[in-house]
Amino acid sequence: MNRLRIVAILMLAMILAACGGAAQPEAPTAEPQATEPTEALAQEPTEAAEPAAEPTAEPQTEEATEEVADDGPVMGGSVTRALTSEPTSLDPAGPTGSGQNILMPYIYDTLVVRDANGKVYPSLAEDWEISDDGTEITFNLQEGILFHDGTPLNAEAIAFSYARFQEPDNKSPLSATFRDATIEAVDELTVKFTFPKASAAIFSALTKPYAGIASPTAVEEYGEEFGQNPVGSGPFKLASWDAGVAITLERNEDYVWGPTLVENQGAPYIDQAVFKVVPDAATQIAALQAGEVDVIFVNNPEQVLDLQQDENIQLIETYLNSLIFLAFNNQKSPFDDVLVRRALSHAIDKSVIVQAALNGVGTEAWSFMTTTLPGYDPTLEELSLGYDPEQAQALLAEAGFTQDADGMQTKDGEPLSGVLLTSTRAPNQIIAEIIQSQFKDIGVAMEIQQLDAPTAMQTAGQGEFDFWLWRYDWDDPEILSIKFASARAGSSNRSFYNNPDVDALLEQAAVEMDPDARAQLYVEAQKLIMADAPWQPLYEPKNFLAVNNRVQGVVIGSMGRMMLNDAQIVE
């Protein structure tokens, strides 16, 4: 097949292929991986910039609004970003952990990269070909790329990095994606991937930070300590790591192979990027306003409103494909009855949640797919279960419930009640209390249980809940498979939803390489899911990077990642 034709087709297809995680030919065992929430709603482990996340209105690649000097770039200086959690390792093939997604894209390059819209651009690979059946992808690499240790980044290095995912004890979120793949160095600058079957989401995996290419020489030299001594080919390299205090990266002077996503494909203009460990969100805000740090992630509505009043700060919206939802335990009575799930969905007034819990900094949601993902279809809104307390009462009556003298719903002498499980992060409590009040209005009692995020996820996976208030951040429509495929019940499908017809559509979509056909399969799946009401989508949050005005030229890439290739310090 003609290479140019294939590349053109693939570039279109890859708008659909969107990180942070386990896009794969086979269903991944890992779910979306955790990022670094500031004051966010507790989320599914994601691969987002820092949410939570990991995509409101169609996102655009964003840059700092003020222009830099016309007489050439301003060289030198340092950009400091606050980190809520310090990573324990910066090995892209290692297990996931907090903060990794933020730092690794500066240290490591990937074969391809994406912008904020999910469009794929060349990076280490200058072009690629895909076979007619979608099972083979051949990448042609740029010449002259060097790792930070001076060794060449070639096809053998690519094959080495991906082979690490295939090691039996590998805990990377990409291990399931590449475990059964064959990666072959055809020649010095050509590497070929062969998969057991086509995967429409494979380019999602290839652009994630965990797909960064590591120096084989450094991996072998440092062994288990490689994660503390990372060596890639990215625009920055490790300068120092003061545990618990800060990680400092310095400009890679040899860098001349930057992606076309940024204007400056050469070495960064700034000298250093410093990542300072500041666990407390309020302390981060104070440090930003005092000029002690230049960048923080913020999605707490009150903090967003406060920073909007600060003339020294620019708020750059980041799109993380985020959705907050209330899931029902679909395998537990009486929530295994679709009439009950639909009734309770009608009892929720999302406008109250957005205004009371978020100060209006959010958008009501009705779809299981965020508005920024392929497969979102606005015409499906007519199938949504909007606020309608009278309809809620009618559906409960149809399900066999009656109201007792106190107005509570009962059936066979048992009251309709349940436990809402969520994490301790804001604004979970106020959202849970609003839902609790709205359920009470139709005669349903609800208890709120808040646990730390890891414990809450474990508890939910064991089915020990009735309602599950959570969040996802994901960059590909495969999120429907991650959340609703019956094979994942008890893992990423914590609602224990099971519909064979939905499974069949999701399996078709996973291998459909035509973008329009794939999107339509997800639309058809959503029609069935909406009728079953395993969740009630609540809202899409707004997420921002708050950046000191002295930092200009920041580009926001996929899943809200801050790219510093073009950044300059303008005092």
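Quick caveat, the model's predicted, so the values are computed rather than measured. (Residues numbered from 1 in each chain as written. Predicted model: local features only at pLDDT ≥ 70, side-chain atom pairs only at ≥ 80, totals over all residues. Heavy atoms only, no water.)

**Structural notes on the overall build of the protein chain**
Consideration 1: The helix and strand inventory of the protein chain stands at 16 helices and 26 strands.
Consideration 2: Taken as a whole, the protein chain presents about 20700 Å² of accessible surface, with 46% of it coming from carbon and sulfur. (Helix = DSSP H or I, 4+ residues; strand = E, 2+ residues; numbered from the N terminus. Areas by Shrake-Rupley, 256 points an atom, 1.4 Å probe, with all protein chains shown as cover.)

**Examining the pairing of strand S19 (residues 445–451)**
Consideration 1: Taken together, the seven bridges between strand S18 (residues 417–423) and S19 define a ladder with parallel strand orientation. When the bridges of S19 are listed, Ser 417 appears paired with Ala 445.
Consideration 2: In this view, the connection linking S18 to its parallel neighbour S19 by way of helix H12 (residues 428–441) has right-handed handedness. (Pairing = 2+ DSSP bridges. Right-handed = clockwise from strand over helix to strand, strands pointing away.)

**Topic: the packing of helix H10 (residues 350–358) against H12**
Consideration 1: The N-to-C vectors of H10 and H12 enclose an angle of 140°; their axes lie 10 Å apart at closest approach. Between H10 and H12 lies a crossing of right-handed hand. Of the residues in H12, those in contact with Val 352, Ile 353, Ala 356 and Ala 357 of H10 are Ile 430, Ile 431, Ile 434, Ile 435 and Gln 438.
Consideration 2: The class makeup of the residues in the contact of H10 with H12 is eight nonpolar, one polar and no charged. (Axes fitted to C-alpha atoms, helices over the stretch in contact; angles between N-to-C directions. Left-handed = near helix turned anticlockwise from the far one by under 90°. Contact = heavy atoms within 4.5 Å. Nonpolar A, V, L, I, M, F, W, Y, C, P; charged D, E, K, R; others polar.)

**Description of the sheet that holds strand S15 (residues 402–403)**
Consideration 1: Strand order in this open sheet of three strands is S15-S16-S17, and the pairing throughout is antiparallel. Sheet topology places S15 and strand S17 (414–415) at the edges, where each strand pairs with a single neighbour.
Consideration 2: Two strands pair when backbone bridges link them, and S15 and strand S16 (residues 409–411) are joined in this way by two bridges, in the antiparallel orientation. Across the sheet, the residue bridging to Thr 402 is Thr 410, located in S16.

**Things to note about unusual backbone geometry**
Consideration 1: Cis geometry is adopted by the peptide bond preceding Pro 334, which originates at Ser 333 and carries an omega value of 0°.
Consideration 2: Here Pro 334 shows up in the loop between strand S13 (322–328) and helix H9 (338–346).
Consideration 3: In this chain, Ala 426 is followed by Pro 427 through a cis amide linkage whose omega measures 0°.
Consideration 4: By the element assignment, Pro 427 lies in the loop between S18 and H12.
Consideration 5: Residue Asp 412 is not a glycine yet carries a positive backbone phi of 55°.
Consideration 6: Along the chain, Asp 412 falls in the loop between S16 and S17.
Consideration 7: Assessed through its relative accessible area of 75%, Asp 412 is described here as exposed.
Consideration 8: Even without glycine at this site, Met 559 takes up a positive phi of about 55°.
Consideration 9: Position of Met 559 among the secondary structure elements: in the loop between strand S24 (555–556) and strand S25 (562–563).
Consideration 10: For Met 559, a relative accessible area of 2% translates into the label buried. (Buried < 20%, exposed > 50% of the residue type's maximum accessible area, 1.4 Å probe, protein only.)

**Comments concerning the pattern of salt bridges**
Consideration 1: For the structure shown, the criterion picks out 13 salt bridges.
Consideration 2: When the shortest N-O distance is used, the salt bridge between Asp 475 and Lys 208 registers 3.2 Å. Separated by 267 residues along the polypeptide, Asp 475 in the loop between strand S20 (467–473) and helix H14 (479–484) and Lys 208 in the loop between helix H5 (202–206) and helix H6 (216–222) bring together distant segments of the chain.
Consideration 3: Taking the shortest distance from any N to any O, the salt bridge between Lys 527 and Glu 524 comes out at 3.2 Å. Here Glu 524 and Lys 527 lie together in helix H16 (residues 515–532), a separation of three residues that amounts to about one turn.
Consideration 4: Residue Lys 527 is classed as partly exposed on the basis of its relative accessible area, which comes to 35%.
Consideration 5: A relative accessible area of 28% places Glu 524 in the partly exposed class.
Consideration 6: Several salt bridges share partner residues, and in doing so they unite Arg 114, Lys 208 and Asp 475 into one network. (Salt bridge = Lys/Arg side-chain N within 4 Å of Asp/Glu carboxyl O.)

**Remarks on the environment of Thr 96**
Consideration 1: Following the sequence through the fold, Thr 96 ends up in the loop between strand S1 (78–83) and helix H2 (100–107).
Consideration 2: Thr 96 gets classed as partly exposed once you look at its relative accessible area, which sits at 30%.
Consideration 3: Linking Thr 96 and Tyr 210, residues 114 residues apart in sequence, is a C-alpha distance of 8.6 Å.

**Focus: the sheet that holds strand S5 (residues 136–141)**
Consideration 1: Strand order in this open sheet of four strands is S4-S5-S7-S6, and the pairing throughout is antiparallel. One side of each edge strand has no neighbouring strand; the edge strands of this open sheet are strand S4 (125–130) and strand S6 (182–187). Each neighbouring strand pair of the sheet contributes to a mean axis angle of 20°, computed without reference to strand direction.
Consideration 2: Examined bridge by bridge, S6 and strand S7 (residues 190–194) share five bridges and lie antiparallel to one another. The partner of Ile 183 across the bridge, within S7, is Phe 193.

**With respect to the nonpolar core**
Consideration 1: With 69 residues, the main nonpolar core has Leu 111, Phe 139, Ile 158, Tyr 162, Phe 178 and Phe 193 as its most contacted residues.
Consideration 2: Setting aside chain neighbours within four positions, we find Phe 193 in contact with Leu 111, Thr 135, Glu 136, Ile 137, Phe 139, Ile 158, Tyr 162, Phe 178, Thr 182 and Ile 183.
Consideration 3: Of all hydrophobic cores here, the second largest spans 36 residues; its members include Leu 421, Ala 460, Phe 465 and Trp 535. (Core = buried A, V, L, I, M, F, W, Y, C linked by side-chain atoms within 4.5 Å.)

**So, the packing of aromatic side chains**
Consideration 1: Summed over the entire model, instances satisfying the criterion amount to 27 aromatic pairs.
Consideration 2: Note on Trp 128 and Phe 203: the rings are 6.0 Å apart at their centroids and 45° apart in plane angle, and the pair reads as tilted. Pair noted here: Trp 128 is in strand S4 and Phe 203 is in helix H5, with a separation of 75 residues, a long-range link. In terms of burial, Trp 128 and Phe 203 fall into one category: buried. (Phe/Tyr/Trp six-rings, centres within 6.5 Å; stacked < 30°, edge-to-face > 60°.)

**Here we look at the packing of H9 against H16**
Consideration 1: Taken N-terminus to C-terminus, the directions of H9 and H16 make an angle of 90°; their axes are 8 Å apart at the nearest point. With respect to their mutual orientation, H9 and H16 come out roughly perpendicular. Within the contact between the two elements, H9 uses Val 338, Arg 341 and Arg 342 and H16 uses Met 530, Ala 531 and Asp 532. (Parallel < 35°, antiparallel > 145°, perpendicular 65-115°, else oblique.)

**Some words on helix H3 (residues 155–163)**
Consideration 1: Regarding H3, the residues found buried are Ala 155, Ala 157, Ile 158, Ala 159, Ser 161 and Tyr 162.
Consideration 2: Buried-residue contacts for H3 involve S5, helix H4 (175–178), S6, S7, H5 and H6.
Consideration 3: The residue sitting at the N-terminus of H3 and contributing the capping side-chain oxygen is Asn 154; that oxygen lies 3.2 Å from the backbone nitrogen of Glu 156. (Polar contact = N/O pair within 3.5 Å; in protein donor to acceptor, adjacent residues only side chain to side chain.)

**Looking at the side chain of Asp 109**
Consideration 1: Of note, Asp 109 is situated in the loop between H2 and strand S2 (112–114).
Consideration 2: The buried charged residue Asp 109 lacks any salt bridge, with Arg 561 as its nearest oppositely charged partner at 12 Å.
Consideration 3: In terms of polar contacts, Asp 109 uses its side chain to reach the side chain of Ser 233, at 2.7 Å.
Consideration 4: A polar side-chain atom of Asp 109 sits 3.0 Å from a polar atom in the side chain of Trp 257. (Lys, Arg positive; Asp, Glu negative; His and termini not counted.)

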